[in-house]
Amino acid sequence: MTAQPPTSSRGSGTKYCDHAAVGVLISSLDGLLVFERVRPPAGIAPVAGHVDLHGGPEQAAHVEVAEEVGLTVTSLHLLLTAWRPNHCRRPTSDRVGHQWWIYRAQTSGPIRPSAQEVRAPRWLHQDQLQQYAHRTAAYAEGQLSEEQFTAEPGLEPVWVRFLHELHLVTLPDDTLSLIDQVL
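Since the model is a prediction, treat every value here as computed from it, not as a measurement. (Residues numbered from 1 in each chain as written. Predicted model: local features only at pLDDT ≥ 70, side-chain atom pairs only at ≥ 80, totals over all residues. Heavy atoms only, no water.)

Caption draft 1: Up close: the overall build of the chain. The secondary structure content of the chain amounts to five helices and seven strands. Across the 183 residues in the chain, those meeting the buried criterion constitute 48%. Carbon together with sulfur atoms contributes 50% to the accessible area of the chain, which is approximately 9000 Å² in total. (Helix = DSSP H or I, 4+ residues; strand = E, 2+ residues; numbered from the N terminus. Buried < 20%, exposed > 50% of the residue type's maximum accessible area, 1.4 Å probe, protein only. Areas by Shrake-Rupley, 256 points an atom, 1.4 Å probe, with all protein chains shown as cover.)

Given below as structure tokens:
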């Protein structure tokens, strides 16, 4: 599936959902770079954002990394593409979801997180990602309220299946299905 035509401003300055998103995994010996988003949705996640007017998914990946964490992408490798029915905080048509392109990036420069988008950036090893995945599972299973999950989030729900498919976390299929329902 290709990205939908950008619909980002319609003259009002409001950014509308283009139903196309990128995610970028940045790794080091310290783990995977993740952070809490300043704006919804709640959860810990890698760099991600809409394709919008960036010229395509690859260019959007470069822009989002620079905007969110201040790093320069030196190389990108496409890991997977998938449609996910995740909700968007932006105004949208009646269609819910995004076509995702997930990349692994090599980067250079110091991390300079955007105060408008990023809270508490950190590097997590696979066992720590797994712990956060279990917290998201507890939320999906009704063991945590939305307020509890927002105050102390697990992985952003849309990211749990991506990280599972990339063998970075492991959860049973029935738990993944429950998490998919909170997207």
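Alright, that's what it looks like, and here's the rest.
Caption draft 2: Broad picture of the environment of Trp100. As for its position among the elements, Trp100 is in strand β6 (residues 98–108). If sequence neighbours within four positions are ignored, Trp100 has contacts with Ala21, Val22, Gly23, Ala48, Leu80, Thr81, Ala82, Arg84, Asn86, Val158, Trp159 and Phe162. (Contact = heavy atoms within 4.5 Å.)

Caption draft 3: Spatial organisation of the pattern of salt bridges. A complete count under the given rule lists six salt bridges for this structure. Taking the shortest distance from any N to any O, the salt bridge between Arg37 and Glu68 comes out at 3.7 Å. One end of the pair, Arg37, is in strand β2 (residues 31–37); the other, Glu68, is in helix α1 (residues 57–69), and 31 residues separate them in sequence. For the pair Arg37 and Glu68, one class covers both residues: buried. The salt bridge involving Glu156 is made with Arg37; its shortest N-O contact spans 3.1 Å. Taken as a pair, Glu156 in the loop between α3 (146–151) and α4 (157–165) and Arg37 in strand β2 lie far apart in primary sequence, 119 residues in all. Side by side, Glu156 and Arg37 carry an identical accessibility label, which is buried. Linked through salt bridges whose partners overlap, the residues forming this network are Glu36, Arg119 and Arg122. (Salt bridge = Lys/Arg side-chain N within 4 Å of Asp/Glu carboxyl O.)

Caption draft 4: The pairing of β2, seen in detail. With seven of seven residues buried, β2 is to be regarded as a mostly interior element. One ladder, built from two bridges, connects strand β1 (residues 20–28) with β2; its direction is antiparallel. Bridge pairing in β2 links Ser28 to Gly31. The hairpin formed by β1 and β2 contains two residues between the paired strands. Here β2 pairs with strand β7 (residues 118–124) via five bridges, running antiparallel. Across the sheet, Val34 pairs through a bridge with Arg122, a residue of β7. Two elements, β2 and strand β3 (residues 44–45), share two bridges in a ladder whose sense is antiparallel. (Pairing = 2+ DSSP bridges.)

Caption draft 5: Representation of the nonpolar core. If you look at the biggest cluster of nonpolar residues, it comprises 29 residues, and the most contacted ones within it are Leu25, Trp100, Ile102, Leu129, Trp159, Phe162 and Leu163. For this core, the leading source of residues is α4, giving five residues. In this structure, Ile26, Leu33, Val73 and Tyr103 belong to the second largest nonpolar core, which totals 18 residues. (Core = buried A, V, L, I, M, F, W, Y, C linked by side-chain atoms within 4.5 Å.)

Caption draft 6: View of the side chain of Thr175. Position of Thr175 relative to the elements: it lies in helix α5 (residues 173–181). The exposure class assigned to Thr175 is buried, which follows from its relative accessible area of 9%. Sequence-distant contacts of Thr175, defined by excluding residues within four places in its chain, comprise Ala137 and Glu141.

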